[in-house]
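Results of the structural survey
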Amino acid sequence: MANQKEKQIHYFPGHMKKGLIKIEEKLKLIDFVIILLDSRIPISSINPDLLKLVSNKQKLFLLSKKDMSDQLENKKWLDYFNSKEDTRAILVNLKEQKEINNILKEISYFKKIKDEKYLKKGIKNVSLRGMILGIPNVGKSTLINLLNKKNVVISKNMPGATKNVNRIKIDKYLELMDTPGILLPKFEDHKVALNLALIGTIKEDILPLEEVFEYLISFIKKYYISNFNNRFEININEDTPNDKIIDEIAKKRGYFSKGNVVDVDKTIKAILNEFRNGKLGQISIERVEDVNI
Ligand code: G4P
């Protein structure tokens, strides 16, 4: 554990810049952006530099993994995003094909706005282009697979297109473009780093396991204690020390190393994995009232 505590967060500004430059190059062709966010940590899963870059574009926020987050918090997040200018937001479970229709319905509002603007100039049948953006692990590939199943045309490396950028033709007048390059998260802020580590976007070995665990447990104790007790068939409360929680779960699960000693790492990893896989129930980590924006 001592070694883990000494671990530092690695921050990669160079790589991040590259992704943003590629996006900036393509933005000139784009009418609107679809930004995927993880509904459990909507603010930490936005790259703030990206937001600045798309400040003059219309934005559709897709708050993904709604099946894994707290429904009450989700409603507050929707109000938060929908109150912003040029912004629409919906919650999505990208594991469900029918979600595509909700997404296309939202995009149709952007189409209507563009059509009306051009009709005033006497121009009909204008086409609309969007770009899909999001840090890793928020569901971009899953969304593109859903679109694929809807029988839209996805063409790779079309003439004039950047290498490896998918262009997805939804219909005659609507085209979506996948993120050119990789958009890395920004995690200079330690809390953002912890949030990203919790949902598995930052690899486990970058942050001390014990710290990530303590962070999760503080949320559990505050908001989701019954979920946790039900899952592990234990009976902890707000005042139960963390080492006692680990002992109890290790005993339940039989996580011991040689000499019958509790295997702390294995127990912590199991708890974090169960959170990431949604086994602890619907849990939101970021809350509107805690965010200072
Ligand atoms: P990315 O391209 O943005 O990096 O993310 P990707 O689509 O690969 O999604 C990351 C993981 O999140 C995948 O799980 C995917 O199935 C899951 N996921 C995406 N959207 C949702 C959602 O709305 N609800 C739920 N429950 N899961 C979602 P995985 O375990 O990495 O892959 P797989 O086992 O599903 O193949």
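Here's a quick rundown of the structure. (Residues numbered from 1 in each chain as written. Predicted model: local features only at pLDDT ≥ 70, side-chain atom pairs only at ≥ 80, totals over all residues. Heavy atoms only, no water.)

**Considerations on the overall build of the protein chain**
Our working definition: Helix numbering and strand numbering both begin at the N terminus, where a helix is a DSSP run of H or I of at least 4 residues and a strand a DSSP run of E of at least 2. Classification of residues uses two cut-offs on accessible area relative to the type maximum, computed with a 1.4 Å probe and protein chains only: under 20% is buried, over 50% is exposed, and between them is partly exposed. In this description, contact between two residues means that some pair of their heavy atoms is separated by no more than 4.5 Å. Note on areas: Shrake-Rupley with a 1.4 Å probe; residue coverage comes only from the protein chains shown.
The secondary structure content of the protein chain amounts to 11 helices and 9 strands. Here the protein chain holds 293 residues, and 48% of them are scored as buried. Intrachain contacts of the protein chain at a sequence separation of at least 6 include 69% that bridge at least 24 residues. Accessible surface, the protein chain as shown: approximately 15,300 Å² in total, 49% of it carbon and sulfur.

**A closer look at the packing of helix α9 (residues 225-232) against helix α10 (residues 242-253)**
Using the following cut-off: Orientation is described by axes fitted as lines to C-alpha atoms, over the contacting stretch for helices, and by angles from 0 to 180 degrees between their N-to-C directions. Put simply, angles under 35 degrees are roughly parallel, angles over 145 are roughly antiparallel, angles from 65 to 115 are roughly perpendicular, and the rest are oblique.
Interaxial distance between α9 and α10 falls to 11 Å at its minimum, and their mutual angle equals 30 degrees. The pairing of α9 with α10 is recorded here as roughly parallel in orientation. Residues Phe-228, Arg-231 and Phe-232 of α9 form the contact with α10, whose participating residues are Ile-245, Ile-249, Lys-252 and Arg-253.

**Some points on the nonpolar core**
Counted only if it meets this: What makes a nonpolar core is a set of buried Ala, Val, Leu, Ile, Met, Phe, Trp, Tyr and Cys residues whose side-chain atoms join them at distances within 4.5 Å. Delimitation of the domains relies on an automatic or database domain assignment.
Counting 86 residues, the largest nonpolar core has Phe-81, Ile-103, Leu-176 and Phe-228 as its most contacted members. Examining the composition of this core, we find that 8 residues originate from one element, helix α8 (residues 209-223), more than from any other. Both of domain 1 (9-178) and domain 2 (208-288) provide at least three residues apiece to this core.

**Remarks on the environment of Ile-225**
Among the structural elements, Ile-225 can be located in helix α9. Relative accessible area serves as the criterion here: at 22%, Ile-225 is assigned to the partly exposed category. As for Ile-225 and Leu-280, which are separated by 55 residues in sequence, their C-alpha atoms are 9.9 Å apart. Excluding residues within four positions of it along the chain, Ile-225 makes contact with Ile-220, Ile-236, Asn-237 and Glu-238.

**Thoughts on the pairing of strand β7 (residues 174-177)**
This is how it is decided: By definition, two strands form a pair when at least two bridges between them are found by DSSP.
Neither face of β7 is open: one carries Leu-174 and Leu-176, the other Glu-175 and Met-177, and all of them are buried. One ladder, built from 4 bridges, connects strand β4 (residues 128-133) with β7; its direction is parallel. From the neighbouring strand, Leu-128 faces β7, where its bridge partner is Leu-174. Pairing geometry for strand β6 (residues 166-171) and β7, over 4 bridges, is antiparallel. In the strand pairing of β7, Asp-171 is matched with Leu-174. Hairpin connection, β6 to β7: the antiparallel pair is bridged by 2 residues.

**Observations concerning unusual backbone geometry**
One non-glycine residue with positive phi stands out, namely Asp-86, at about 55 degrees. Mapped onto the fold, Asp-86 is located in the loop between α4 (71-82) and β3 (87-91). Judged by relative accessible area, Asp-86 falls into the partly exposed class, the value being 38%. Unlike most non-glycine residues, Asn-260 shows phi in positive territory, near 60 degrees. In this fold, Asn-260 is placed in the loop between β8 (256-257) and β9 (261-262).

**Quick word on the site of the ligand**
Spelled out, the test is: Here a residue is near a molecule or strand as soon as one of its heavy atoms is found within 4 Å of it. We define a polar contact as two N or O atoms separated by no more than 3.5 Å, with the added condition that, inside protein, one atom must be a possible hydrogen donor and the other a possible acceptor, whereas residues neighbouring each other in sequence contribute only through side-chain atom pairs. As a working rule, the residues Ala, Val, Leu, Ile, Met, Phe, Trp, Tyr, Cys and Pro are called nonpolar, Asp, Glu, Lys and Arg charged, and the rest polar, with Gly in that last group.
With respect to spatial proximity, 15 residues lie near the ligand, and among them Asp-67, Leu-94, Asn-137, Ser-141 and Thr-142 are the closest. In this structure, an oxygen atom belonging to the ligand sits 3.3 Å away from a main-chain N or O atom of Val-138. Its free accessible area being 710 Å², the ligand has 62% of it covered by the protein chains. A class-by-class count of the residues in the shell around the ligand yields 6 nonpolar, 5 polar and 4 charged.

**Some points on the side chain of Lys-57**
The condition that has to hold: Neither His nor the chain ends is counted toward charge; the positive residues are Lys and Arg and the negative residues Asp and Glu. Salt bridge, as applied in this entry: a Lys or Arg side-chain nitrogen positioned within 4 Å of an Asp or Glu carboxyl oxygen.
If you trace the backbone, Lys-57 turns up in the loop between α3 (48-53) and β2 (58-64). Buried and unpaired, Lys-57 has Asp-31 as its nearest opposite-charge partner, separated by 6.8 Å. For Lys-57, the side chain forms a polar contact with the main-chain oxygen of Leu-27, separated by 3.0 Å. With residues up to four places along the chain from it excluded, the contact list for Lys-57 reads Leu-27, Ile-30, Asp-31, Val-33 and Asp-86.

**Considering the side chain of Thr-240**
As for its position among the elements, Thr-240 is in the loop between α9 and α10. Within polar-contact distance, the side chain of Thr-240 engages the backbone nitrogen of Asn-237 at 2.8 Å. With near-sequence residues (within four places) excluded, Thr-240 lies in contact with Lys-221 and Ile-245.

**Considerations on the pattern of salt bridges**
On inspection of all chains with the given rule, the structure shows 19 salt bridges. For Glu-73, the salt bridge is made with Lys-76, and the minimal N-O distance between the two is 3.3 Å. With Glu-73 and Lys-76 both in helix α4, this residue pair falls 3 residues apart, about one helical turn. Between Arg-231 and Glu-274 there is a salt bridge; the shortest N-O distance is 2.6 Å.

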